[in-house]
Amino acid sequence: MDITSDTHSQHISKQFNHELEELKTHLMAMGGLVERQIQEAVAALLDGDSRLAEQVRDNDKAVNNLQIKIDEECTRVLARRQPAASDLRLVLAVIRATSDLERIGDEASKIARNALTLIEAGNGNKGFVEVRHISEHVRKMLRDALTAFARFDIDLALAVVHEDDAVDSEYTSAMRSLMTFMMEDPRSITSILSVMWILRALERIGDHADNLAEYVIYLVKGLDIRHTSPEDLDEAALKSKG
Amino acid sequence: MPVFDPETRRAPEAPAKESAITDIPAASSALEIEGLTLSYGEATALKGLTLRIPRQRVTAFIGPSGCGKSTLLRALNRLHDLNETVHRQGTIVLEGEEIHAPGIEVAELRRRVGMVFQAPNPFPMSIYENVAFGLRLQGGLKRRQRDEVIEWALSSAALWDEVKDRLHDSAWSLSGGQQQRLVIARTLAVQPEVLLLDEPASALDPISTLKIEELIRNLKSRLTLVLVTHNMQQAARVSDYTAYLHGGELVEYAPTDQLFTNPRLAQTENYITGRMT
């Protein structure tokens, strides 16, 4: 049976409704924080703002704390409510999602660390265009995945799953052009490697956003599409009301 | 070929009035119920149920009070025969035999299809005599053979170790949980093929409940079990298949794993997750 974003507020126990609502609210708060971390880490690099980069690294603790807090809430719901069906799927999806969001937080921190290295070295901005472009792309993926989660929106979740392929190919071509720069100017290798690490982190963020979208499909349809390539997805079946 | 195919994860689409799990073939079902309608006077308790109950599996019936789950259970060993106001249509086939066929003896049917009720009901006699009761009725066993069967039945009911030194004490000296296992041993002693359990643990404390549930799991290697319970977690813990009944109709019948993680119908979802309908 398909569920909607109202499904979890129809229990006879209002307290249970409230607990599930809190899980979603806290997950969205964590998602918002993580998205800001990416945005600021990339801004720190592009604007050469080392204070902002330091701030991103400090904020990672807040992301980690939120993961622990939400996981505790999920554990409590599992222990006290023994949720079934869509309630169970919501709790599982939230636990999985916090783990991906925490990893996105780590990637943002990595971007900030490499931004600091690049700001200190201060030579050139090769690859920055690609960083800006891919970062905007993966931030949109993350935002869409979170919106899909909040609205239980299968179509939007599927769009995110497909988007990940585009990010992967952008990443590959960015790496190729950075490789050329390194061959042309060996002195730039150190700083270009840092840019490559940043691109790598952004590409990983895209993968995590893709995971989040997959949890939305699990949550709404009860179908686990992890490890299924987008071409093999039977979208007609996913979009049909079951 | 899509790796994931909703058809293999879900029960095939069926009309709102679900009739049976299609993946239980007739050959592996102990009981086949077809078009079973049962009414108490004017009130219809079961409305044309059709389902198969798989052999050597635990099948749970869940549903709100008055949904017909106990009525269905009782129909399986003809407990309604004693009530003249009950009218029945439809058939119940046990291992190929219609249980209402003229040649069927009710006492023999009830040996083959044993029943355990909500409140433990040991007879007012010793532990030993409780288990020996059915055997004595059947007759034909020498004392030593009978002792062996009694030990086997009590062991099968996970009670032997607790009572082996006090077999001649009154059954009433046992705790509620032990009494329930004694009643199960009494039923097992006559070698039934099907065991019907009507809320077998609802009067028991959590530890005794878990012992009964463990026993149900162990017994399914030998017989077919049908469980009626209000405790959904219990149905989820012990059963292989779950049937959700409402208003005398079979709403959804599916493998328990599926019914409790991704039920097909909103009505089932609402019931098992405690939502307002």
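What you are looking at is a predicted structure, and each value in this text was computed from that prediction instead of being measured.

Calculation criteria
Residues numbered from 1 in each chain as written. Chains lettered and ligands numbered in written order. Predicted model: local features only at pLDDT ≥ 70, side-chain atom pairs only at ≥ 80, totals over all residues. Heavy atoms only, no water. Helix = DSSP H or I, 4+ residues; strand = E, 2+ residues; numbered from the N terminus. Rg over C-alpha atoms; globule rule 2.2 N^0.38 Å. Buried < 20%, exposed > 50% of the residue type's maximum accessible area, 1.4 Å probe, protein only. Contact = heavy atoms within 4.5 Å. Lys, Arg positive; Asp, Glu negative; His and termini not counted. Charge placed at Lys NZ, Arg CZ, Asp CG, Glu CD. Phe/Tyr/Trp six-rings, centres within 6.5 Å; stacked < 30°, edge-to-face > 60°. Lys NZ or Arg CZ within 6 Å of the ring centre and 35° of its normal. Patch = residues over 30% accessible without salt bridge, like charges linked within 9 Å, V, L, I, M, F, W, Y side chains within 5 Å. Areas by Shrake-Rupley, 256 points an atom, 1.4 Å probe, with all protein chains shown as cover. Salt bridge = Lys/Arg side-chain N within 4 Å of Asp/Glu carboxyl O. Expected span 1.5 Å × (residues − 1). Arc of directions from axis to C-beta. Pairing = 2+ DSSP bridges. Buried area = accessible area lost by both parts, 1.4 Å probe. pLDDT = per-residue confidence, 0-100.

Remarks on the overall build of chain B
At step 1: When its secondary structure is counted, chain B shows 11 helices and 10 strands.
At step 2: Against the globule reference of 19 Å for 277 residues, chain B gives a C-alpha radius of gyration of 19 Å, in line with a compact fold.
At step 3: Over its C-alpha atoms, taken along the principal directions, chain B stretches across nearly 60 × 40 × 40 Å.
At step 4: Taking all 277 residues of chain B together, 51% fall into the buried category.
At step 5: Look at the contacts in chain B between residues 6 or more apart in sequence, and 68% of them connect residues 24 or more apart.
At step 6: For chain B, the centre of its 30 positive side-chain charges and the centre of its 34 negative side-chain charges are spaced 3 Å apart.

Focus: the packing of aromatic side chains
At step 1: Inspection of the entire model under this criterion finds 3 aromatic pairs over all chains.
At step 2: Between Tyr 244 of chain B and Tyr 271 of chain B, the ring centres sit 4.9 Å apart and the planes meet at 20°, which makes this aromatic pair stacked. A residue pair is termed long-range when its members are at least 10 positions apart, and Tyr 244 of chain B in strand E9 (residues 241–246) and Tyr 271 of chain B in helix H11 (residues 266–272) qualify at 27 residues. Judged on exposure class, the residue Tyr 244 of chain B and its partner Tyr 271 of chain B are both buried.
At step 3: Above the ring of Phe 181 of chain A, the side-chain terminus of Lys 126 of chain A is found at 5.6 Å from the ring centroid.

Description of a nonpolar patch on the surface
All names here are of chain A.
At step 1: On the surface, Ile 189, Leu 193 and Trp 197 cluster together into a nonpolar patch covering about 290 Å² of accessible area.
At step 2: On the secondary structure map, Leu 193 appears in helix H6 (residues 189–221).
At step 3: Owing to a relative accessible area of 39%, Leu 193 belongs among the partly exposed residues under this scheme.

Here's the deal with the pattern of salt bridges
Residues and elements named next belong to chain A.
At step 1: The final tally for this structure, using the stated rule, is 28 salt bridges over all chains.
At step 2: In this structure, Glu 35 and Arg 139 form a salt bridge, with 3.7 Å as the shortest nitrogen-oxygen distance. Separated by 104 residues along the polypeptide, Glu 35 in helix H1 (residues 14–47) and Arg 139 in helix H4 (residues 128–151) bring together distant segments of the chain. As far as burial versus exposure is concerned, Glu 35 and Arg 139 are alike and both buried.

Observations concerning the environment of Leu 159 of chain B
Residues and elements named next belong to chain B.
At step 1: Among the structural elements, Leu 159 can be located in the loop between helix H5 (143–156) and helix H6 (160–163).
At step 2: As for Leu 159 and Gly 139, which are separated by 20 residues in sequence, their C-alpha atoms are 24 Å apart.
At step 3: With near-sequence residues (within four places) excluded, Leu 159 lies in contact with Leu 154, Gln 178, Arg 181 and Leu 182.

A look at H5 of chain B
Residues and elements named next belong to chain B.
At step 1: Relative to the 20 Å expected for 14 residues at 1.5 Å per residue, H5 spans 20 Å between its end C-alpha atoms, a close match to the ideal helical length.
At step 2: Within H5, the full set of buried residues consists of Arg 146, Val 149, Ile 150, Ala 153, Leu 154 and Ser 156. Down the axis of H5, the buried set is contained in an arc of 160°. They therefore lie on one face.
At step 3: For H5, the secondary structure elements touched by its buried residues are helix H4 (127–138), H6, helix H7 (176–189) and helix H8 (206–219).
At step 4: Positive phi appears at Ala 158, one or two residues downstream of H5, with a value of about 55°.

Here's the deal with the pairing of strand E10 (residues 249–255) of chain B
Residue and element names in this part refer to chain B.
At step 1: With 5 of 7 residues buried, E10 lies mostly within the body of the structure.
At step 2: In this sheet, E10 lies alongside E9 in antiparallel orientation, the contact comprising 6 bridges. Of the residues in E10, the one forming a bridge with Tyr 241 is Pro 255.
At step 3: Hairpin connection between E9 and E10: a loop of 2 residues separates the two successive antiparallel strands, and Gly 247 in this loop has a positive phi of roughly 55°.

A look at the interface of chain A and chain B
At step 1: Listed as interface residues are 27 residues of chain A and, on the opposing side, 20 residues of chain B.
At step 2: Here chain A meets chain B over a buried area of about 2,000 Å², counting both sides, of which 54% is carbon and sulfur.
At step 3: Sorting the residues of chain A by area buried against chain B places Met 1, Ala 85 and Leu 223 of chain A first, and these three jointly supply 30% of that buried surface.
At step 4: Taken together, the links from chain A to chain B amount to 1 salt bridge.
At step 5: Ionic pairing is found between Asp 87 of chain A and Arg 275 of chain B, a salt bridge with its closest N-O pair at 2.6 Å.

Notes on the confidence of the model for chain B
Atom-level detail of predicted coordinates should not be read off regions where pLDDT is low.
Residue and element names in this part refer to chain B.
At step 1: Here chain B shows a mean pLDDT of 89. Residues at 70 or above account for 91%.
At step 2: This model gives residues 1–20 a pLDDT under 50, and the stretch forms 39 contacts once residues within four places in sequence are excluded.
At step 3: The ipTM, which scores confidence in the relative placement of chains, is 0.77 for this predicted complex, and the corresponding pTM is 0.83.

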